[in-house]
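Working through the structure, step by step
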Amino acid sequence: MISLLSAELFRLELHARIPFRYGIATLTDVPHLILRATFDLNGRTESGVAADSLPPKWFTKDPARALADEIDEMLRVIRAAVRHARGVRAATPFAFWRELYGAQSAWAATEGLPPLLAHFGTSFVERVLVHAVCRARRAGLATVLHENLLGIDLGAVHRPLAGSAPRDWLPAAPPPQVFARHTVGLADAIVATDLAPGERVDDGLPQTLQECIRFYGLRHFKIKINGDAPRDRARLERMAAVLAAECGGEDFAFSLDGNEAFHTSSSFAEYFRELRARPSLAALWPHLLYIEQPWHRNVALAPAMADLARAWPERPPVIIDESDAEIASLPTALALGYAGTSHKNCKGVFKGIANACLIAQRRAARQPAVLSGEDLCSVGPISPIQDLAVQAALGVTSVERNGHHYFAGLAQFPTALQQHALAQHPDLYVRHDAGRSTGLTGAWPRLDIRDGQLAMGSVNAAPFGVPGEPDFSQIPRESL
């Protein structure tokens, strides 16, 4: 049987190098949590780790809530998940997750907590468990999935997948590299003249969209909008000019993130038709990959969306993100006319695997289907690596990355963790010489994005992306 033996939590306070404005929030400072736990895996003792930041105004987009209250609530669901996990005894990792998911769901319902937030806690525990299993098997995640060492019963998650296994739907091998799809936040400067006096960050990293394209060789982008049509249109026109000039006119692709800005089914259709009719943006649309969650979660999965899908047959592919909160969310969205969903580890690894298999089944039946890879500002030596490991195992080759842009690499992490990242992932990290004005002097690791892509060799080979024994001794503990 599988059981949780012990767990400990670490907390580090991070400061963004530039503000990240998304939806109704602007992130400047954020707590970063690391969970380490030890499991009894049918008689073998093994540990694993998982990490994530606690971003405000994403799991619950309530403008009236204080940020401190939201952080406390995120900590609360993580502690609850660990508490529930202590009582689970299961034959397989998948069965352990199913029992934990049920316990967390029941608790959240009695506490009035939404599923997206509640299962952020579940995701921490399942990521630690998956890492422990991969470590015990000394195998990368793709191998573990193909051999179904997690004991996944796809039919128990999505009935159309009954009788099949992950290897029937997932790629035979993970991709050796993925495109880093660069986030253009709502407040991001497009060119240097957009920066006001005093806004320039002297850390040797690019700051504006134009600078990032030149520094990293970017070709894939995620552009955020907020429903303010004149402002969005003006920014899109300026971005289109930069992309045309810097990417050779044709060699780029982008997704559009609506950040739940639209509160009625028809409002986004009208907004997008107006944008698409602008001659100044005509050259942009052939490069559009899909549109991510334009509608607020309160209406996104309402029955009226099916009527809109029928009335708007020429719409581009639209996927859910924040509305992908429960196991039934993706099937519901597909039935309403959505093209698919996103994966990010904070929404759950097991659910993400099952969703990827359901998407692959639809593709095999020649039905349009999208599984995207998105980012919740994952930073540090654990969170983005484990997320990349899952994305690659699922076959996602264009993955949003933004933690490296809004935060200065691993500069705020202890030296031991910096050295661990450089030693274990020499293809993913490179030593960077910082400037002086930020106080982050010296050299520290940053993601090594080349020609717009990230090399995945060391991530794919390592147990759930994280080899060796990361040293957390210099990070303060947080109570569990």
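As the structure is a computational prediction, the values presented were derived from the model and not from experiment. (Residues numbered from 1 in each chain as written. Predicted model: local features only at pLDDT ≥ 70, side-chain atom pairs only at ≥ 80, totals over all residues. Heavy atoms only, no water.)

1. Structural notes on the overall build of the protein
Rules: Put simply, DSSP H or I for four residues or longer makes a helix, DSSP E for two residues or longer makes a strand, and each gets a number counted from the N terminus. Radius of gyration: over C-alpha atoms. The globule rule applied is 2.2 Å multiplied by the number of residues raised to the 0.38 power. Relative accessible area decides the class of each residue, using a 1.4 Å probe on protein chains only: under 20% of the type maximum gives buried, over 50% gives exposed, and in between gives partly exposed. Two residues form a contact once any of their heavy atoms are found within 4.5 Å. Using a 1.4 Å probe, accessible areas were evaluated by the Shrake-Rupley method; residue-level cover was limited to the displayed protein chains. For the purpose of counting charges, residues Lys and Arg are taken to be positive, whereas Asp and Glu are taken to be negative. His and the chain ends are not included. All charge positions are set by atom: Lys at NZ, Arg at CZ, Asp at CG, Glu at CD.
Counting its regular elements, the protein contains 15 helices and 15 strands. In terms of C-alpha radius of gyration, the protein reaches 21 Å, essentially the compact-globule figure of 23 Å for 480 residues. The principal-axis extent of the C-alpha atoms belonging to the protein is close to 65 × 55 × 45 Å. Residues counted as buried form 61% of the 480 residues belonging to the protein. Sequence separation of 24 or more characterises 75% of the internal contacts of the protein that already satisfy a separation of 6 or more. In the structure as shown, the protein presents an accessible area of about 17400 Å², 51% of it carried by carbon and sulfur atoms. Counting 48 positive and 51 negative side-chain charges, the protein places the averaged centre of each group 3 Å from the other.

2. What to know about the packing of aromatic side chains
The geometry of two aromatic rings is summed up by the distance between their centres and the angle between their planes. Basically, it comes down to this: Between 30 and 60 degrees the pair is tilted, below 30 it is stacked and above 60 it is edge-to-face, where a pair is any two Phe, Tyr or Trp rings, Trp via its six-membered ring, whose centres lie within 6.5 Å. The rule for a charge over a ring is simple: NZ of Lys or CZ of Arg within 6 Å of the ring centre, and within 35 degrees of the ring normal.
This structure, assessed with the given rule, holds 22 aromatic pairs. Centre to centre, the rings of F94 and F350 are 6.0 Å apart; their planes meet at 70°, and the pair counts as edge-to-face. Note that F94 is positioned in helix α2 (residues 93-111) and F350 in helix α11 (residues 349-364), a separation of 256 residues in sequence. We classify F350 as buried; its relative accessible area is 2%. Positioned above the aromatic ring of F124, the side-chain terminus of R127 is 4.9 Å from the ring centre.

3. Things to note about the environment of V157
Tracing the chain through its elements places V157 in helix α5 (residues 154-157). Along the primary structure V157 and K61 are separated by 96 residues, whereas in three dimensions their C-alpha atoms are 27 Å apart. Those residues in contact with V157 that lie beyond four places of it in its chain are F94, W97, I327 and A354.

4. Some words on the side chain of Q418
Heads up, the condition is: Counting of polar contacts relies on pairs of N or O atoms within 3.5 Å, with two restrictions inside protein: one atom must be capable of donating a hydrogen and the other of accepting it, and residues adjacent in sequence are counted only when both atoms are side-chain atoms.
With respect to the secondary-structure elements, Q418 resides in helix α14 (residues 415-424). What makes Q418 buried here is its relative accessible area of 11%. A distance of 3.0 Å separates a polar side-chain atom of Q418 from the backbone oxygen of L410. Not counting chain neighbours up to four residues away, the residues in contact with Q418 comprise L410, A411, F413, A443, W444 and P445.

5. Let's talk about the environment of L289
Residue placement: L289 occurs in strand β7 (residues 288-292). Leaving out residues up to four positions away in the same chain, L289 has contacts with R181, A253, F254, S255, P317 and S398.

6. Focus on the packing of α2 against helix α3 (residues 115-137)
Note the cut-off: For helices, the fitted line uses only the C-alpha atoms of the stretch in contact; every axis is such a line through C-alpha atoms, and the angle between N-to-C directions lies from 0 to 180 degrees. Angles below 35 degrees are treated as roughly parallel, those above 145 as roughly antiparallel, those between 65 and 115 as roughly perpendicular, and all remaining angles as oblique. Working rule for handedness: look at the near helix, and if it is turned counterclockwise from the far one by less than a right angle, call the crossing left-handed; if clockwise, right-handed. Amino acids are sorted into nonpolar (Ala, Val, Leu, Ile, Met, Phe, Trp, Tyr, Cys and Pro), charged (Asp, Glu, Lys and Arg) and polar (every other residue, Gly among them).
Closest axis-to-axis distance for the α2/α3 pair is 10 Å, and the angle between their directions is 165°. Judged by the angle between their axes, α2 and α3 are roughly antiparallel. Every pair of crossing elements has a handedness; the one defined by α2 and α3 is right-handed. Across the interface between the two elements, P93, F96, W97, L100, Y101, Q104, S105 and A108 from α2 touch A118, H119, G121, T122, V125, E126, L129 and V133 from α3. In terms of residue class, the contact of α2 with α3 is built from 10 nonpolar, five polar and one charged.

7. Here's the deal with the nonpolar core
To be explicit about the condition: Throughout, nonpolar core names a set of buried Ala, Val, Leu, Ile, Met, Phe, Trp, Tyr and Cys residues whose side chains join them through atoms within 4.5 Å.
If you look at the biggest cluster of nonpolar residues, it comprises 164 residues, and the most contacted ones within it are F39, L256 and W295. If one sorts the elements of this core by residue count, α3 sits on top with 13 residues. Filtering out sequence-adjacent residues up to four positions away, L256 remains in contact with I223, I225, L236, F272, W285, L288, Y290, I291 and E292.

8. Notes on the side chain of Q386
With respect to the element layout, Q386 can be found in helix α12 (residues 383-394). For Q386, a relative accessible area of 1% translates into the label buried. Other than its neighbours up to four places away in sequence, Q386 contacts V49, A50, A51, R127, H131, N345, F464 and V466.

9. Topic: the pattern of salt bridges
Here is the rule we go by: When a carboxyl oxygen of Asp or Glu lies within 4 Å of a side-chain nitrogen of Lys or Arg, that pair is called a salt bridge.
Summed over all chains, the structure comprises 38 salt bridges. Among the salt bridges present, the one from D257 reaches K222, with a minimum N-O distance of 3.5 Å. Of this pair, D257 sits in strand β6 (residues 253-257) while K222 is found in strand β5 (residues 220-224), placing the two residues 35 residues apart along the sequence. Comparing D257 with K222 shows no difference in burial state: the two are buried. Within this structure, R181, K222, K224, D257, E292, E374 and E400 form a network of salt bridges that share partners.

10. Describing the sheet that holds strand β2 (residues 25-41)
For clarity, the threshold we go by: When DSSP locates at least two bridges between a pair of strands, those strands are taken to pair.
Taken together, the four strands give an open sheet; going across it, the order is β3-β2-β1-β15, and neighbouring strands pair in antiparallel fashion. Looking along the sheet, the strands with just one partner apiece sit at the ends: β3 (44-53) and β15 (477-478). Summarising the sheet, strand β1 (residues 2-22) and β15 pair through two bridges and their orientation is antiparallel. Following the sheet pairing, L9 is matched in β15 by E478. Against the sheet, α12 touches β2 and β3, its axis set at about 105° to β3.

11. Comments concerning α11
For the record, the criterion: Multiply 1.5 Å by the residue count of a helix minus one, and that product is the helix's expected span.
Between its first and last C-alpha atoms α11 spans 22 Å; for 16 residues at 1.5 Å apiece the expected length is 22 Å, and the two agree. For α11, the buried fraction is high: 13 of the 16 residues fall into the buried class. Positive phi shows up at R366, right after α11, with a value of about 60°.

Nothing here speaks to function; it is geometry throughout.
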